[in-house]
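Take a look at the letters that make up each chain.
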Amino acid sequence: MIIEAERRAEQRGEEKAIVALLGRLFARRIGRRPTAEEERSIVERARAIGPGEVEDTLLDLEGEALVRWLAEPMRPS
């Protein structure tokens, strides 16, 4: 039980770091902070494809294209 609690705390810490870094980049690109749903999508995508890939996409896509990318379902690998 203690190990599971530690693992969950570590995951929450990772999520906060991802949202802090990539969420800030999103805000600079879009001009607003990400919504809660967009934050979840950023974290899920960072876990699935890696934070570097998400960062590249945040830099490559602009405006509505970026918002659409975060809103669309992730494709299975």
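Parameters and conventions
- Residues numbered from 1 in each chain as written.
- Predicted model: local features only at pLDDT ≥ 70, side-chain atom pairs only at ≥ 80, totals over all residues.
- Heavy atoms only, no water.
- Helix = DSSP H or I, 4+ residues; strand = E, 2+ residues; numbered from the N terminus.
- Buried < 20%, exposed > 50% of the residue type's maximum accessible area, 1.4 Å probe, protein only.
- Contact = heavy atoms within 4.5 Å.
- Areas by Shrake-Rupley, 256 points an atom, 1.4 Å probe, with all protein chains shown as cover.
- Lys, Arg positive; Asp, Glu negative; His and termini not counted.
- Charge placed at Lys NZ, Arg CZ, Asp CG, Glu CD.
- Core = buried A, V, L, I, M, F, W, Y, C linked by side-chain atoms within 4.5 Å.
- 1 Å grid on protein atoms, 1.4 Å probe; cavity = no way out; pocket = protein on both sides within 12 Å on 5 of 7 lines; lining within 4 Å.
- Points joined across faces, edges and corners; volume = space filled by probe spheres on them.
- Nonpolar A, V, L, I, M, F, W, Y, C, P; charged D, E, K, R; others polar.
- Patch = residues over 30% accessible without salt bridge, like charges linked within 9 Å, V, L, I, M, F, W, Y side chains within 5 Å.
- Salt bridge = Lys/Arg side-chain N within 4 Å of Asp/Glu carboxyl O.
- Polar contact = N/O pair within 3.5 Å; in protein donor to acceptor, adjacent residues only side chain to side chain.
- Axes fitted to C-alpha atoms, helices over the stretch in contact; angles between N-to-C directions.
- Parallel < 35°, antiparallel > 145°, perpendicular 65-115°, else oblique.

A.B. asks: What am I meant to see in the overall build of the protein chain here?
C.D. replies: When you go through the protein chain residue by residue, the secondary structure sums to four helices and zero strands. Listing each helix as α and each strand as β along the protein chain from the N terminus yields α-α-α-α. When the 77 residues of the protein chain are sorted by exposure, 29% land in the buried category. Excluding contacts between residues fewer than 6 apart, the proportion of contacts in the protein chain whose partners are at least 24 apart in sequence is 66%. Of the accessible surface of the protein chain, which amounts to about 5,700 Å², a share of 53% is contributed by carbon and sulfur atoms. Of the charged side chains in the protein chain, 14 are positive and 16 negative, and the gap between their average positions amounts to 4 Å.

A.B. asks: Explain the nonpolar core to me, please; I cannot follow it from the model alone.
C.D. replies: As a rule of thumb, nonpolar side chains are buried together in soluble globular proteins. Core analysis: the largest hydrophobic core is formed by 14 residues, its most contacted members being I18, L22, F26, I42, V54 and L58. Only α1 (2-30), α2 (36-49), α3 (51-60) and α4 (63-71) provide two or more residues apiece to this core. Excluding its chain neighbours within four sequence positions, the residues that come into contact with I18 are G23, I42, V43 and A46.

A.B. asks: Hey, could you run me through the layout of surface pockets in this one?
C.D. replies: Over the atoms rolls a probe the size of a water molecule, and in doing so it shows where empty space is left. Estimates place the volume of the largest pocket at around 170 Å³. Here the lining of the largest pocket gets three residues from one element, more than from any other, and that element is α2. Taken together, the residues of the lining of the largest pocket sort by class into five nonpolar, two polar and three charged.

A.B. asks: What is the right way to read a negative patch on the surface from this model?
C.D. replies: Residues E53, E55, D56 and D60 make up a contiguous surface patch of negative charge. Here D60 is to be found in helix α3.

A.B. asks: Help me understand the side chain of E38, please; the structure alone is not making it clear to me.
C.D. replies: Here E38 is to be found in helix α2. Only 2.8 Å separates the side chain of E38 from the side chain of R32, close enough to count as a polar contact. Leave out the neighbours within four places in its chain, and E38 touches F26, R32, R33, V67 and L70.

A.B. asks: Help me understand the packing of α2 against α3, please; the structure alone is not making it clear to me.
C.D. replies: The relative placement of two packed helices comes down to the angle between their axes together with the axis-to-axis distance. Contact geometry of α2 with α3 gives a least axis separation of 6 Å together with a crossing angle of 125°. For the element pair α2 / α3, the angle class is oblique. Taken together, the residues of α3 that come into contact with α2 (itself represented by I42, R45, A46 and I49) are P51, E53 and V54. Grouping the constituent residues of the contact of α2 with α3 by class yields five nonpolar, no polar and two charged.

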